[in-house]
Amino acid sequence: MQIAVAAAGLWTAPDAVREVDALALTTPTDLAAWAAAQGPAERRELWGRLDTQVLLGDTVLVDDVKDGWAQVVVPSQPCRKDPRGYPGWLPLSQLAAPAEETGEQVVVTVPKTDIRVTPGGEVLIADVSFATILPVQETSADWVRVNLPGGGTGYLPRADVSAYPSENLPTAEQLLTTGRQFLGLMYLAGGVTAHGLDCSGLTYGLYRRFGQVIPRDATDQYAVGERIDLADLAPGDLMFFRKPDTGFVYHVGLCAEVVDGWPSMLHCSQTDWDTLDGPITEVRHEHLFAARRLVG
C-alpha cells in the first residue's frame, strides 16, 4: 500500500491523537489548517504521539488493521525501532493501491506544490511536500504528468520537480542552499513537510531530495557517513548534540560555517520554534559532541 494524501502522520497509537489532530486524519488532509491551529504548547504535546510523517506515494507495509487504523512500517524511513522501517499507526483511509511504476521518477524540490487534474487546472492534491517522489507518466515543457496511488494521474509544474534519484552525494552547498528554503518555518515534532519540521526531519528530507536514504531520527543519523573530529568541522557536516549526563542524541543540524572555531548551524530548533541559520549558543556548544560527513 502507499500513502494517498499529501502527508500522513505516523502515530504511536490510534488513541494518541487529539481533537486538534482531526484535520490531519482526513482524506484529503488539511495540513495547513492543522499546523496553524498549534502553538508551542500544542506542538510540545505531539511528543510521544506523532513520531513522523509519511509522504504521498511512499510505500508502507501493513501489519494489522483495527477500527479504521493500519499498523504499518515505513521502509523509506530507516529506524532502530524495526529493521524493516519506521513503525506506527495511520488512518486506513489514507492508504491506496500503489501507483503504477514507469521506470522514471521525479522528486519535489520546492517546499510545497499542488498536483492538478489538468495542466493549470483544478487542484487535485494540495500542498504536496518537498521530497515527495512519484512515477512519471509523461513530460511536457511546463508540466509533468505523474502516476498516483489508487490508479489516478495528475500534473505537477515542471519547475517544481527534478529527476530522481541523483547520481551523486549532495554537496555541502546543495544541502545548505536547499535547506535555507525553510528558514523561519515553525518547528513541529515529527514534522517532515513545509507545514512544520523537526530537527531530523529537516536533515532526513534534504538527503532524500538528493536520492540518499538516511535514518529518520537524530539518534540513528549519528551512525551515517564518516565520523569527523570536531576540530575539523566544515560546511555540510551533520552536527550532533546530547546533554553531558545522558547518552541520548537530542538534536542534529547542518554546519553552515566555522568562524574562529565557533560553528554556525542550519537547523530546526525546538527552543526557538523555527528553522534557524546562525551561530550556535553556548549551551549548544557544550552539548555538541560529534559530527558526521556525508557530502560529495
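See the structure above.
Residues numbered from 1 in each chain as written. Predicted model: local features only at pLDDT ≥ 70, side-chain atom pairs only at ≥ 80, totals over all residues. Heavy atoms only, no water.

Quick look at the overall build of the chain
Note the cut-off: Per the convention used, a helix needs a DSSP run of H or I reaching at least four residues, while a strand needs a run of E reaching at least two, with both numbered from the N terminus. Computation of the radius of gyration draws on C-alpha atoms alone. For the globule rule, the value is 2.2 Å times the number of residues to the power 0.38. Classification of residues uses two cut-offs on accessible area relative to the type maximum, computed with a 1.4 Å probe and protein chains only: under 20% is buried, over 50% is exposed, and between them is partly exposed. Reported accessibility uses the Shrake-Rupley method at a 1.4 Å probe radius. Residues are deemed covered only where the shown protein chains occlude them. Counted as positive: Lys and Arg. Counted as negative: Asp and Glu, with His and the chain ends omitted from the count. A single reference atom marks each charge: NZ on Lys, CZ on Arg, CG on Asp, CD on Glu.
Within the chain, the regular secondary structure consists of six helices and 22 strands. Since a compact globule built from 296 residues should have a radius of gyration of about 19 Å, the 19 Å found for the chain is in line with a globular shape. Seen through its principal axes, the chain has C-alpha atoms that stretch 55 × 45 × 35 Å. Across the 296 residues that make up the chain, the buried fraction comes to 53%. Summed over its atoms, the accessible surface of the chain is roughly 12,500 Å², and 50% of this surface lies on carbon and sulfur atoms. Treating the 22 positive side-chain charges of the chain as one cloud and the 38 negative ones as another, the clouds have centres 3 Å apart.

Brief notes about helix α3 (residues 172–179)
Short version of the rule: Of all possible arcs, the one meant is that of the directions from the helix axis to the C-beta atoms. By the convention used here, residues are in contact when the closest approach between their heavy atoms is within 4.5 Å.
All of the buried residues in α3 are Ala 172, Leu 175, Leu 176, Thr 178 and Gly 179. Down the axis of α3, the buried set is contained in an arc of 165°. They therefore lie on one face. Looking at the packing, one finds that the buried side of α3 touches α4 (199–209), β19 (251–259) and β20 (262–269).

Focus: the environment of Ala 32
The residue Ala 32 is located in helix α1 (residues 31–36) in this model. Each C-alpha atom of the pair Ala 32 and Gln 53 lies 14 Å from the other, and the pair is 21 residues apart in sequence. Filtering out sequence-adjacent residues up to four positions away, Ala 32 remains in contact with Asp 127 and His 195.

Notes on the packing of α3 against α4
Using the following cut-off: Between the N-to-C directions of two axes lies an angle of 0 to 180 degrees, each axis being a line fitted to C-alpha atoms and, for a helix, fitted only over the stretch in contact. Here the angle decides the label: under 35 degrees means roughly parallel, over 145 means roughly antiparallel, 65 to 115 means roughly perpendicular, and every other value means oblique. Less than a right angle of anticlockwise turn of the near helix away from the far helix marks a crossing as left-handed, whereas a clockwise turn marks it as right-handed. Residue polarity follows a fixed list, in which Ala, Val, Leu, Ile, Met, Phe, Trp, Tyr, Cys and Pro are nonpolar, Asp, Glu, Lys and Arg are charged, and the others, Gly among them, are polar.
At a minimum axis distance of 10 Å, the contact between α3 and α4 shows a crossing angle of 120°. By the criterion of interaxial angle, the relationship of α3 to α4 is oblique. Handedness of the α3/α4 crossing: right-handed. Here Leu 175, Thr 178 and Gly 179 of α3 come into contact with α4, specifically with Leu 206, Tyr 207 and Arg 209. Residues that form the contact of α3 with α4 fall into these classes: three nonpolar, two polar and one charged.

Here we look at the side chain of Thr 193
Residue position: Thr 193 is located in strand β15 (residues 192–193). With a relative accessible area of 4%, Thr 193 lands in the buried category. Those residues in contact with Thr 193 that sit more than four places away from it in its chain are Ala 7, Gln 53, Leu 55, Ser 129 and Leu 185.

Some words on the pattern of salt bridges
What counts is decided by this rule: Any carboxyl oxygen of Asp or Glu within 4 Å of a side-chain nitrogen of Lys or Arg constitutes a salt bridge here.
According to the stated counting rule, one finds 14 salt bridges in the structure shown. Here Asp 21 and Arg 18 are joined by a salt bridge, their closest N and O atoms 2.8 Å apart. By relative accessible area, which is 12% here, Arg 18 ends up buried. The salt bridge involving Asp 63 is made with Arg 84; its shortest N-O contact spans 2.8 Å. Here Asp 63, found in strand β4 (residues 61–66), pairs with Arg 84, found in the loop between β5 (69–74) and β6 (86–91); they are 21 residues apart in sequence, far enough to count as distant. What makes Arg 84 partly exposed here is its relative accessible area of 39%. Within the structure, one salt-bridge network assembled from shared partners comprises Arg 80, Asp 198, Arg 216, Asp 217 and Asp 220.

As for a nonpolar patch on the surface
Convention followed: Patch membership is restricted to residues that have no salt bridge and whose relative accessible area is over 30%. Joining uses 9 Å for like charges and 5 Å for the nonpolar side chains Val, Leu, Ile, Met, Phe, Trp and Tyr.
Together, Met 1, Val 62, Val 65 and Leu 92 line one region of the surface with nonpolar side chains, adding up to about 300 Å² of accessible area. Counting through the fold element by element, Met 1 comes out in the segment before β1 (2–3). The partly exposed category is assigned to Met 1, whose relative accessible area is 40%.

Details of the packing of aromatic side chains
Applicable threshold: Ring pairs shown here join Phe, Tyr and Trp side chains whose ring centres sit within 6.5 Å, with only the six-membered ring taken for Trp; geometry is labelled stacked below 30 degrees between planes, edge-to-face above 60, and tilted in between. Only when the NZ of Lys or the CZ of Arg is both within 6 Å of the ring centre and within 35 degrees of the ring normal is a charge said to sit over the ring.
Summed over all chains, the structure comprises five aromatic pairs. Consider the rings of Phe 130 and Phe 182, whose centres lie 5.2 Å apart with planes at 75°: the pair is edge-to-face. Here Phe 130, found in the loop between β10 (123–129) and β11 (133–139), pairs with Phe 182, found in the loop between α3 and β15; they are 52 residues apart in sequence, far enough to count as distant. Centre to centre, the rings of Tyr 222 and Phe 289 are 5.2 Å apart; their planes meet at 55°, and the pair counts as tilted. On the criterion of sequence distance, the pair formed by Tyr 222 in the loop between α5 (218–221) and β17 (226–228) and Phe 289 in strand β22 (residues 288–293) is long-range, its members being 67 residues apart. Accessibility assignment for this pair places Tyr 222 and Phe 289 in one class, buried. An aromatic cluster of three or more residues is present, and its members are Trp 47, Tyr 187 and Trp 273. Against the face of Phe 289 rests Arg 242, its NZ or CZ located 4.0 Å from the ring centre. Sitting above the plane of the Phe 241 ring, Arg 284 keeps its charged end 5.9 Å from the centroid.

Description of α4
Residues three or four positions apart in an α-helix share a direction because the helix packs 3.6 residues into each turn. In terms of residue burial, α4 counts as a mostly covered element, since 11 of its 11 residues are buried. Listed as buried for α4 are Cys 199, Ser 200, Gly 201, Leu 202, Thr 203, Tyr 204, Gly 205, Leu 206, Tyr 207, Arg 208 and Arg 209.

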